[in-house]
Amino acid sequence: MTVPVFLAQGLDGPELTLDGPEGRHAASVRRLRPGERVDLTDGAGAVAECVVRETLKDALRLDVLRRYDVEPPRPRLVVVQGLPKGDRGELAVEMMTEAGVDVIVPWAAARSITQWKGDKVAKALGRWRSTAREAGKQARRFHLPEVADLATTKQVERLLSEAALGLVLHEEAAEPLSGVPLPAGGDIVMVVGPEGGVSEEELAAFRAAKATAVLLGPTVLRTSTAGVAAAAVLLSRTGRW
């Protein structure tokens with residue numbers, strides 16, 4: 001069975017107590033028992049491999065077997081996700097987190113049917129970040145992805161201009177994603193449009209910011225699945241898979 005991963009801070013010492021919401025879930029929902037293995041991480045690369053010594057009502061007491069640090073993967077993959085409608089945003093975040101995307105940037109694109117405004121911004125970001133956190137634990141990621149604040153098109157332009165490689169998925173592009181030359185280092189920033197796609201004005205602005213329009217394949221994917229499919233191509237080509 002895969003060893004479960006829980007988030008915790010302060011991983012020093014020969015013994016640790018996993019409490020709070022994570023400890024409650026481990027003890028009451030997962031029903032972990034003495035002798036079972038668990039891994040704790042701070043989500044930033046620190047890992048403590050542990051064995052359960054005692055199960056309390058809403059916490060675990062753990063013996064630490066060993067500690068180590070996991071280097072962040074390189075190159076970093078940043079996906080700018082045009083806001084999809086309904087719960088497809090959480091689906092996109094979940095799949096991209098499981099695949100290994102490092103940063104997910106929600107983008108208020110011109111053709112986004114859904115618009116985050118007012119109180120919706122904090123609530124929607126909370127859902128995306130919670131989804132990324134839970135998906136990261138399930139996928140045994142010791143570096144959890146960052147879900148950035150909602151970005152405007154101008155902010156996306158800046159991200160692309162500062163990237164080692166900027167890409168925009170576009171159904172009319174001539175260059176395939178599978179053949180675009182990759183940089184030796186730095187960030188790869190990839191833009192995924194919403195259901196209505198990237199507008200001509202946005203595409204022109206992104207090209208002016210050094211981005212290359214690329215074709216993912218012969219079929220048109222939903223916005224919620226295009227990001228993970230493209231990430232799989234890039235992660236494989238960079239050697240991270």
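Residues numbered from 1 in each chain as written. Predicted model: local features only at pLDDT ≥ 70, side-chain atom pairs only at ≥ 80, totals over all residues. Heavy atoms only, no water.

## Some points on the domain arrangement of the protein chain
- Entries for the protein chain in the domain assignment read domain 1 (5-69) and domain 2 (76-236).
- The C-alpha centroid of domain 2 is placed 33 Å from the C-alpha centroid of domain 1.
- Of the roughly 780 Å² buried between domain 1 and domain 2, counting both surfaces, carbon and sulfur atoms make up 61%.
- The largest share of the area that domain 1 buries against domain 2 comes from Val5, Leu7 and Gly43, three residues that together contribute 53% of it.
- Between the two partners, domain 1 and domain 2, sit two salt bridges.
- Summed over the shared surface of domain 1 and domain 2, the number is six residue pairs in polar contact (both at pLDDT 80 or more).
- Among the elements of the structure, β1 (5-7) and β3 (37-41) are those that each provide at least two residues to the side of domain 1 that touches domain 2.
- Split by residue class, the side of domain 1 that touches domain 2 holds six nonpolar, three polar and two charged. (Domains from an automatic or database assignment. Buried area = accessible area lost by both parts, 1.4 Å probe. Salt bridge = Lys/Arg side-chain N within 4 Å of Asp/Glu carboxyl O. Polar contact = N/O pair within 3.5 Å; in protein donor to acceptor, adjacent residues only side chain to side chain. Helix = DSSP H or I, 4+ residues; strand = E, 2+ residues; numbered from the N terminus. Nonpolar A, V, L, I, M, F, W, Y, C, P; charged D, E, K, R; others polar.)

## Structural notes on the side chain of Glu22
- Within the element layout of this structure, Glu22 appears in helix α1 (residues 20-29).
- We classify Glu22 as buried; its relative accessible area is 16%.
- Those residues within four positions of Glu22 in sequence are excluded, and the remaining contacts are Phe6, Leu7 and Lys137. (Buried < 20%, exposed > 50% of the residue type's maximum accessible area, 1.4 Å probe, protein only. Contact = heavy atoms within 4.5 Å.)

## Here's the deal with the pairing of strand β7 (residues 103-107)
- Of all five residues making up β7, five are buried, and the element is well covered by its neighbours.
- The alternating pattern of β7 places Val103, Val105 and Trp107 on one face and Ile104 and Pro106 on the opposite face, and all of these are buried.
- Of the strand pairs in this sheet, β7 and strand β8 (residues 146-147) are connected by two bridges, and their pairing is parallel. Within β8, the position partnered with Ile104 by the bridge is Val147. (Pairing = 2+ DSSP bridges.)

## Topic: the packing of aromatic side chains
- Considering all chains together, one arrives at three aromatic pairs under this definition.
- Summarising the aromatic geometry, the rings of Tyr68 and Phe142 are spaced 6.5 Å apart at their centres and angled 90° between planes, so their arrangement reads as edge-to-face. With Tyr68 in strand β5 (residues 60-69) and Phe142 in the loop between α3 (119-138) and β8, the pair connects residues that are 74 residues apart, well separated along the chain.
- For Tyr68, a relative accessible area of 22% gives the class partly exposed. (Phe/Tyr/Trp six-rings, centres within 6.5 Å; stacked < 30°, edge-to-face > 60°.)

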